[in-house]
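Fold and geometry: a report
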Amino acid sequence: MKKLPAKRGRVAVIGAGPGGMAAALSVHQAGHDVVLFERYPQARPAGNILNLWPPPIKALGLLGVNTEDLGAPCTSEFRNARGRRRVRAALPEQVVRDYGGGFVGLLRPELYERLLDALPQGVLRVNHTVERVEQDESGVRLHLADGRVHEADVVIGADGIDSLVRRTLWGDSPKREHNLHIFGGYTFDEDVETEPGMCVLSRTRTVQGSWTAIRDKGRDGHQWWILEAFDASREFSGDLHSTATGLGQAFARPLPQLIAATDPAHVQRWVIRDRKPLKQWSKGRATLVGDAAHPTSPYAGYGAGMATEDGYFIGRRLAGVDLSDYAAVRQALDAFESPRKPHTARQSQHAYVLGQLFHHAPRALQPVRDAILDRTPLMQKVVGDSTPSSILTQLGEIDRAEARFTALLGLGEAHDTAS
């Protein structure tokens, strides 16, 4: 029998998104008792389309989530609106082979279903709203809307951009409006001809238009998104599909054809906003993961992935820790967030800067910007080379965390044998 060299602790996770479910899985594997609170009647995705890079795919597999045929393997290219390639993001062949592509395109409900399938019975508690969190050195108390109080040794706030746990720890902070909005949809229409296995991100001087291959329950299809500047103080009253159709006309095939083939019921819209990354995530016996710690614009295409990685890493850091020991908890939470903060803050800020550069640059500077992107290697260095480098770094971090975790499991086996 495997056993970690510490007594079982009690961990509460608030919010059943990808970060919360990954945290619950990782904490469970670490040998602690975990409860995952979700205020809605079910764990539900807050969108339809999704891309996942190799690090979160690796983390999901280690957490026991089925990643077989999870999405469509894709290679990323950045192009101008006429279809001329500006940047290609290339990963080593071994990484592409091991993780099913440079990244995979899928639909969010598929990821949620697979995470839910992996959760042990009794961990997820839906229709449970946490209204208040209190803590001291002895423990944490979660006050639920029905009047009950749940006690734990550690609480993990995976409760999104409007996180109660973040607000409890660090007070309120204003959201940063990007003054952008995005339309996204998907189709399984087989009549639209595309380049297989591609993710193409293209731009006019003011609009981004992109598409990728997807897989969903064995079906091949495509997702797309259109992004433009939009005053967040205004109310949008247009038709989603017709607005996206109009914006898509400026782009090369197959983007306009994919939009035309999409059922209007499969089109969604989001206003893009974030909060500036926190300098510290943890306080006392509480910490944050995902958008609660570092809400990120979809411009990075990495929000769900970083949340999943956070969930994986927090459980690994709590492995072998006596959660009744306040000093040990503090040391573990600090060790969890220290390597995560630079990476997530960089991705979050990078997404913000790109959004401003491409959609809020003064009109007179737009031709200069585009000439630089088309005729110099700047974008290849900033995006095409840095993205694979970041992915490889995160894969290495997971390898090191798993080696440490495996060593702890080995200590547990040795302990059992000796006893």
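Residues numbered from 1 in each chain as written. Predicted model: local features only at pLDDT ≥ 70, side-chain atom pairs only at ≥ 80, totals over all residues. Heavy atoms only, no water.

Running from amino to carboxyl end, helix H1 (residues 18-29) crosses helix H8 (residues 303-318) at an angle of 20°, the nearest separation of the two axes being 7 Å. For the element pair H1 / H8, the angle class is roughly parallel. Here H1 and H8 pass one another in a crossing that is right-handed. Contacts between H1 and H8 pair Pro18, Gly19, Ala22, Ala23, Ser26, Val27 and Gln29 from the former with Ala304, Ala307, Thr308, Gly311, Tyr312, Ile314, Gly315, Arg316 and Leu318 from the latter. For the contact of H1 with H8, a count of residues per class yields nine nonpolar, six polar and one charged. (Axes fitted to C-alpha atoms, helices over the stretch in contact; angles between N-to-C directions. Helix = DSSP H or I, 4+ residues; strand = E, 2+ residues; numbered from the N terminus. Parallel < 35°, antiparallel > 145°, perpendicular 65-115°, else oblique. Left-handed = near helix turned anticlockwise from the far one by under 90°. Contact = heavy atoms within 4.5 Å. Nonpolar A, V, L, I, M, F, W, Y, C, P; charged D, E, K, R; others polar.)

Attention now moves to the side chain of Arg203. Relative to the assigned elements, Arg203 resides in strand S13 (residues 198-203). For the buried residue Arg203, which engages in no salt bridge, the nearest side chain bearing the opposite charge is Asp370, 8.1 Å off. Once residues lying within four places of it in the same chain are set aside, the contact partners of Arg203 are Phe78, Arg79, Asn80, Ala81, Arg86, Gln208, Phe251, Tyr299, Phe358 and Met379. (Buried < 20%, exposed > 50% of the residue type's maximum accessible area, 1.4 Å probe, protein only. Lys, Arg positive; Asp, Glu negative; His and termini not counted. Salt bridge = Lys/Arg side-chain N within 4 Å of Asp/Glu carboxyl O.)

Let us now look at the sheet that holds strand S2 (residues 33-37). If you walk across this open sheet you meet the five strands as S7-S2-S1-S11-S17, and the pairing is parallel. Among the strands making up the open sheet, the edge pair consists of strand S7 (124-125) and strand S17 (286-288). Relative to S2, strand S1 (residues 10-14) runs parallel, the two sharing five bridges. For Ile14, the partnering residue across the bridge sits in S2 and is Phe37. Sitting on the sheet, helix H9 (residues 326-359) is in contact with strand S11 (154-157) and S17, with an inclination near 10° to S17. (Pairing = 2+ DSSP bridges.)

Cross-referencing UniProt, the feature "domain: FAD-binding" (unreviewed entry) maps to residues 10-346 in the present numbering. Helix makes up 29% of residues 10-346 and strand 31%, with an end-to-end C-alpha separation of 32 Å. (UniProt positions renumbered as here; feature names shortened; annotations may be inferred.)

It is worth spelling out the pattern of salt bridges at this point. One pass over the structure, following the stated rule, counts 32 salt bridges. Of the charged contacts in the structure, one is a salt bridge between Glu77 and Arg88, with a shortest N-O distance of 2.5 Å. Here Glu77 is found in strand S4 (residues 72-80), whereas its partner Arg88 is found in strand S5 (residues 85-89), with 11 residues between them in sequence. Since its relative accessible area comes to 5%, Glu77 is described here as buried. Where Glu402 meets Arg316, a salt bridge forms, and the shortest distance between an N and an O atom there is 3.2 Å. Taken together, the residues Glu402 in helix H11 (residues 378-418) and Arg316 in helix H8 connect sequence positions 86 residues apart. Note on accessibility: Glu402 and Arg316 belong to one class, buried. By sharing partners, the salt bridges in this structure join Glu77, Arg79, Arg85, Arg88 and Glu195 into a single network.

The antiparallel open sheet is built from three strands, whose spatial order is S8-S9-S10. Because the sheet does not close on itself, it has two edges, and the strands there are strand S8 (130-136) and strand S10 (149-152). Sheet twist, expressed as the mean angle between neighbouring strand axes with direction ignored, is 20°. Taken together, the six bridges between S8 and strand S9 (residues 139-144) define a ladder with antiparallel strand orientation. Looking at the pairing, Glu134 lines up with Arg141 of S9.

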